[in-house]
Amino acid sequence: VSEEINHRHERIIMNQQKAVMENVTVTQQVLRQLQGGHFTLFYQPKVNATSLKVIGLEALLRYKNAQGKILPPTFLPVLYEQGLSQVVDTKVVNLAFEQVIKWRNEGLIVPPVAINFDKDFLLDNSAVRDFITRAQELDVSFYIEITEHTYTVEVDALASVVKRLREAGHRISIDDFGAGYSSLTTLLALEADEIKLDRQLVIAHEEEPERGTVLLATSIQLCHSLGFGVVAEGVENEEQLQTVRRCGADVIQGYYLGKPMPAYEVCSLFQKVDADALGLHDYAAGEEQLSA
């Protein structure tokens with residue numbers, strides 16, 4: 001037994017060393033990729049489940065390299081591991097403010113924009129204070145998306161920050177709900193406005209038609225009963241669209257209704273300065289439902 005324990009201990013150490021070396025290699029490759037280019041934001045539409053009109057956008061970080069190629073966000077986990085999540089979030093904030101102001105200056109009616117914050121940004125009092133002050137000065141409000149790995153730590157401190165953001169006029173979205181160890185009691189503590197269901201809940205009916213549909217429908221019903229609006233993410237075909245609509249989702253997001261796109265493309269969705277054309281009246285109705 002002692003000999004076998006020693007062998008297993010050696011294998012564990014070897015595997016750990018191999019994992020570290022592989023991680024270093026991946027990090028080096030990613031950091032080399034992020035040289036000579038610049039970060040940019042793409043925007044994915046959020047649509048009203050009933051009217052299918054655009055009522056919001058989610059800002060998603062991308063990187064354009066020196067050759068002009070857009071890199072997918074696979075670099076983000078590496079940057080976060082390097083302790084750069086707050087730097088990344090600050091960059092997203094700056095880009096989002098700049099773009100919203102640019103759209104306004106062009107005379108466009110801009111639907112609410114959602115941005116993602118990691119815990120390091122949210123738990124930095126000065127960063128949050130500066131964000132709130134800047135938003136108030138520019139008369140801009142956002143949907144703040146908080147991922148599950150963020151809201152499952154330091155809940156009390158995070159709840160205080162969420163309260164400050166909501167009092168300042170921003171809305172709170174819980175992202176990727178259902179992807180891991182989601183806690184409904186945590187959601188209640190954070191006073192979120194909407195829940196974004198993870199794609200795995202959206203497509204559950206494809207593997208288990210009856211039980212998957214029941215799981216999706218009851219999840220949406222539970223969120224509604226707790227006072228949350230519901231966004232169904234990752235909708236990629238007509239069948240999924242009809243399923244989430246039938247199950248009662250309020251807002252839908254996914255490639256089937258709109259892929260992430262650069263600012264010059266997405267602005268065509270709200271080119272006319274006309275609230276009816278934009279579906280902003282539908283959005284107002286949705287806001288009432290979200291706050292009900």
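Structure: see above.
In this text, all values refer to a predicted model and were calculated from it rather than measured experimentally.

## Let's talk about the overall build of the chain
- On a plain count of helices and strands, the chain comes out with 15 helices and ten strands.
- Per-residue burial for the chain yields a buried fraction of 44% across its 292 residues.
- In the chain, once contacts between residues fewer than 6 apart in sequence are set aside, the share between residues at least 24 apart is 68%.

## Notes on the pairing of strand β7 (residues 194-197)
- Burial along β7 is two-sided: Glu194 and Lys196 facing one way and Ile195 and Leu197 facing the other are all buried.
- Sheet analysis places strand β6 (residues 171-177) next to β7, joined by three bridges and oriented parallel. The residue bridging Phe177 from the neighbouring strand is Leu197, located in β7.
- Taken together, the four bridges between β7 and strand β8 (residues 229-232) define a ladder with parallel strand orientation. Opposite Leu197, over in β8, you have Ala232 as the bridge partner.

## Regarding the nonpolar core
- Judged by nonpolar contacts, the single largest core of 69 residues is most densely connected at Tyr43, Trp103, Ile115, Phe131, Phe142, Ile144 and Leu165.
- Looking at this core, the element that brings in the most residues is helix α3 (residues 85-105), giving eight residues.
- Ile144 has contacts with Ile115, Phe117, Leu122, Phe131, Leu165, His170, Arg171, Ile172 and Ser173, leaving out every residue within four places of it along the chain.

## A few points about the packing of aromatic side chains
- For the coordinates displayed, the defined rule picks out seven aromatic pairs.
- When the ring of Phe131 is compared with that of Phe142, the centres are 5.9 Å apart and the planes differ by 40°; the resulting orientation is tilted. Residue Phe131 is located in helix α5 (residues 125-138), and its partner Phe142 is located in strand β5 (residues 142-147); the two are separated by eleven residues in the primary sequence.
- Accessibility expressed as a relative area gives 2% for Phe142, which makes it buried.
- One aromatic cluster is present, built from ring pairs that chain together Phe97, Phe117, Phe121, Phe131 and Phe142.

What counts and what doesn't
- Residues numbered from 1 in each chain as written.
- Predicted model: local features only at pLDDT ≥ 70, side-chain atom pairs only at ≥ 80, totals over all residues.
- Heavy atoms only, no water.
- Helix = DSSP H or I, 4+ residues; strand = E, 2+ residues; numbered from the N terminus.
- Buried < 20%, exposed > 50% of the residue type's maximum accessible area, 1.4 Å probe, protein only.
- Contact = heavy atoms within 4.5 Å.
- Pairing = 2+ DSSP bridges.
- Core = buried A, V, L, I, M, F, W, Y, C linked by side-chain atoms within 4.5 Å.
- Phe/Tyr/Trp six-rings, centres within 6.5 Å; stacked < 30°, edge-to-face > 60°.

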